[in-house]
Amino acid sequence: MSLLKVSNLSIAKKHNNIVENVSFDIRKGEWLAIVGQSGSGKSLTASAIGQLLEPNLQAAGEVLYEGENLLDLMPKKMRKLQGTRISYIFQDYQGSFTPFLTIGQHFEEFLKTHLKLSKSKRRIKAEEALASVGLKPEVYQRYPFQLSGGQLQRVSIALALLLKPDLLIADEPTTALDSISSFQVLQLLADLQQETGCAILFITHDLRHVRKYADRILVMKEGKIIEQREKHQLLKQPEHPYTELLIKASLPLRAASPLFSPEVVK
Amino acid sequence: MSLLELKNVSKTYKNGVPVLKNINFTLEKKECIGLVGESGCGKSTLARCILQLESIDEGKILLNGTSLHDKNEKSLRPYRKNLQAVMQNPASSLNPKLKVHDSLLEPFRQYGKDAILKHFIYTNEKKFADQLMEAVELPRKLMDRYPHELSGGQKQRISIARSISIEPALIVLDEPTSSLDVLTQAAILKLLDDLREQLELSYLFISHDLSAVNMMSQQIMVMKEGSIVEQFAQENLFSEKRHSYTKQLISLFE
C-alpha cells in the first residue's frame, strides 16, 4: 500500500529545472533507495518532501501523504508532521547537532516539543532510545564533539525514530562514515525498521550500501529518474546502461576487479 | 635495499594514549601497499609520521636506507621531495587563491632543481604543465580556473598531478577517493594504478574501503587500535588463515 506518492515533482532554480517530472511512491514499511551521482538531484527530491528546500528553489508537482499535498502544507502543520510522522537523518552528522548542547538536551528539546511527559519519564524515554541504537546511558551527558561520527549518526537515528514515524528519510547517512561504521549503521537501520515497521527512503551514491537491505531501487541521473524497479531485477538485469555502470562500480569484494573495466572508467 | 622501512615505530600522545604500537613493514620500489582500518585506528597518524609531519617516539623510519626522523628540518629538506601525499579532501589541499596552473607548478618550483625526472621532460613551465595535465587526463583549459570552479574529481586529479610532478620515490595516498562518488572513485583509482605503472611510482594506499585496497595493492596491511594486525599478499585476502579481525572486515563488504 502506498504511504506517500510523489507525482510530477519538478524543482527549479530561476526557471531552470534541476529536477524534472519525478514520480514514484513509497509503500508502507518498505526500504526504497534513490541512487545517483553527485548532482543528480536525489537529495533535492528528498528535501522537497519535507519542505526543506532552500528558498531560492521552487518545487512544483504533488507529494501526496494522507490525502494532502505536502508541498502546499502550511509551515505550522509541516512542523507537526516532521519528527512525528516523517523524520530525516542527514549526511552531515555534525550539522545535525547544536555544538553547545549535550545529547540529553537535544532529547529534551525534541520530547518537550512533541510530547507532554514528566521530566523523569522523558529521561527514561531518552535512555531507552539510546539503548535501542546500542549506546550507553552515559552518552546522555556528553557533548556532540565528544562522540565519534558513527556514534553521532546513531544518536540522530535514535532521535529520528523516537516517535515512531511512518517514514524515515535518510539522506546519505553513511557517506561521511568510514565503511566499517557505515555498515554497522546500515545494519542498525535495518533492525530498527524490522522493529518499528517504518518505511525508509534511503539516498546514496553507493549501491553497496543498499544491495543488502533495499526492497526497491530508483536510479536518478541529471534530475530525472531513469529506472525504478525491484532490487533483484535491477541488479540482475539493469535496463539502462548508466545503471549497469553504477552496478559495475560498486560490486561486492569478491568480484574480480570490475573497477578497471574500460566502460566504468570512461 | 627497500624503498621504505619502518622498524619498531611507536608513538604515544602527550596524554599517555598510545597511537602507534610497534609498527614494522617494508615497502619495495614500484609496489603499492594497502593499509586498511577503521577511523581512529592510527592509519593517518602513521601516514603523517612517514611524511615527516609528525615525530615518532621510538623506532626508525628509513627511506632508501637513510634514517629520517632524527634529522632536523634543514637536513630533511632534500628528502622531502621524495615524499609526496594525496589527501582525502581535495578542496583543502589546493590553495583557493591560486589558479590551477600555479598550484600545479608549485612543487616543481620548490623542488624542481633537485628532482631527477625520468618520465616528464622540463623545457619550460607551460610545456611542463601541459604534460602534467595530460598525465591526469584533464583538459588544458582548466589551468586558468580557480579550485572552486572544479568538481571534486577534477580537484583530486590536480592534487595527483602536483604529487607526481617531481617524480617522488613514494606517494602516500590517504583516503584519496573517500569524498568522491563511486564512478569518480573508479576513475581516480584507475588513474592512480596506471600512473604507478607508467612512472614507476610506489604507493602507501590508506583507505577504510577494503575493495579499493584489494584492487590497488600487491600487499595488504590491516590495522587496529594502533597495531598492524597482519600483513599479507593481496591474492591471499580470502585465505582461511586470515586473522579474525580481517575476516570480520571482509564479511562487512559482502
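The structure under discussion appears in the preceding block.
The structure reproduced in this document is the subject of the present report.

Conventions and cut-offs
- Residues numbered from 1 in each chain as written.
- Chains lettered and ligands numbered in written order.
- Predicted model: local features only at pLDDT ≥ 70, side-chain atom pairs only at ≥ 80, totals over all residues.
- Pairing = 2+ DSSP bridges.
- Helix = DSSP H or I, 4+ residues; strand = E, 2+ residues; numbered from the N terminus.
- Buried ≥ 20, exposed ≤ 12 C-beta atoms within 10 Å, placed from the backbone.
- Core = buried A, V, L, I, M, F, W, Y, C linked by C-beta atoms within 7 Å.
- Contact = placed C-beta atoms within 7 Å.
- Axes fitted to C-alpha atoms, helices over the stretch in contact; angles between N-to-C directions.

**Quick notes on the pairing of strand β4 (residues 57–65) of chain A**
Residue and element names in this part refer to chain A.
Right, so step 1: Bridging between strand β1 (residues 2–13) and β4 involves 8 bridges; their strand directions are antiparallel. Following the sheet pairing, Lys13 is matched in β4 by Leu57.
Right, so step 2: Note: β4 against strand β5 (residues 68–69), 2 bridges, orientation antiparallel. For Leu64, the partnering residue across the bridge sits in β5 and is Asn69.
Right, so step 3: The hairpin turn running from β4 into β5, its antiparallel successor, is 2 residues long, and Glu66 in that turn takes a positive phi close to 50°.

**Structural notes on unusual backbone geometry**
Residue and element names in this part refer to chain A.
Right, so step 1: For Lys14, which is not glycine, the phi dihedral falls at a positive 50°.
Right, so step 2: Mapped onto the elements, Lys14 comes out in the loop between β1 and β2 (16–27).
Right, so step 3: Its 7 C-beta neighbours within 10 Å are what place Lys14 among the exposed residues.

**Remarks on the sheet that holds β4 of chain A**
Right, so step 1: Taking strand neighbours across the sheet as the criterion, the 4 strands line up as β2-β1-β4-β5 (chain A) in an open arrangement whose pairing is antiparallel. Of all the strands in the sheet, the pair left with one neighbour each is β2 and β5 of chain A.

**Here's the deal with the nonpolar core**
Right, so step 1: Core analysis: the largest hydrophobic core is formed by 142 residues, its most contacted members being Ala33, Leu167, Leu201 and Phe202 of chain A together with Leu204 and Phe205 of chain B.
Right, so step 2: Examining the composition of this core, we find that 8 residues originate from one element, helix α7 (residues 182–199) of chain B, more than from any other.
Right, so step 3: Apart from residues lying up to four places away in sequence, Ala33 of chain A is in contact with Phe202, Thr204, Val210, Ala214, Ile217 and Leu218 of chain A.

**Some words on the sheet that holds strand β6 (residues 86–89) of chain A**
Residue and element names in this part refer to chain A.
Right, so step 1: Strand order in the open sheet formed by 6 strands is β6-β7-β8-β3-β9-β10, with mixed pairing between adjacent strands. Both outer strands of the open sheet, β6 and β10 (224–230), are each paired with one neighbouring strand and no more. Mean inter-strand twist for the sheet, computed between neighbouring axes without regard to direction, equals 15°.
Right, so step 2: Note that strand β3 (residues 31–35) and strand β8 (residues 199–204) share 5 bridges and pair parallel. Residue pairing across strands places Ile34 opposite Ile203, the latter belonging to β8.
Right, so step 3: Of the strands in this sheet, β3, β9 (216–221) and β10 touch helix α8 (residues 241–249), which is tilted by about 110° from β9.

What is shown is where atoms sit, not what they do.
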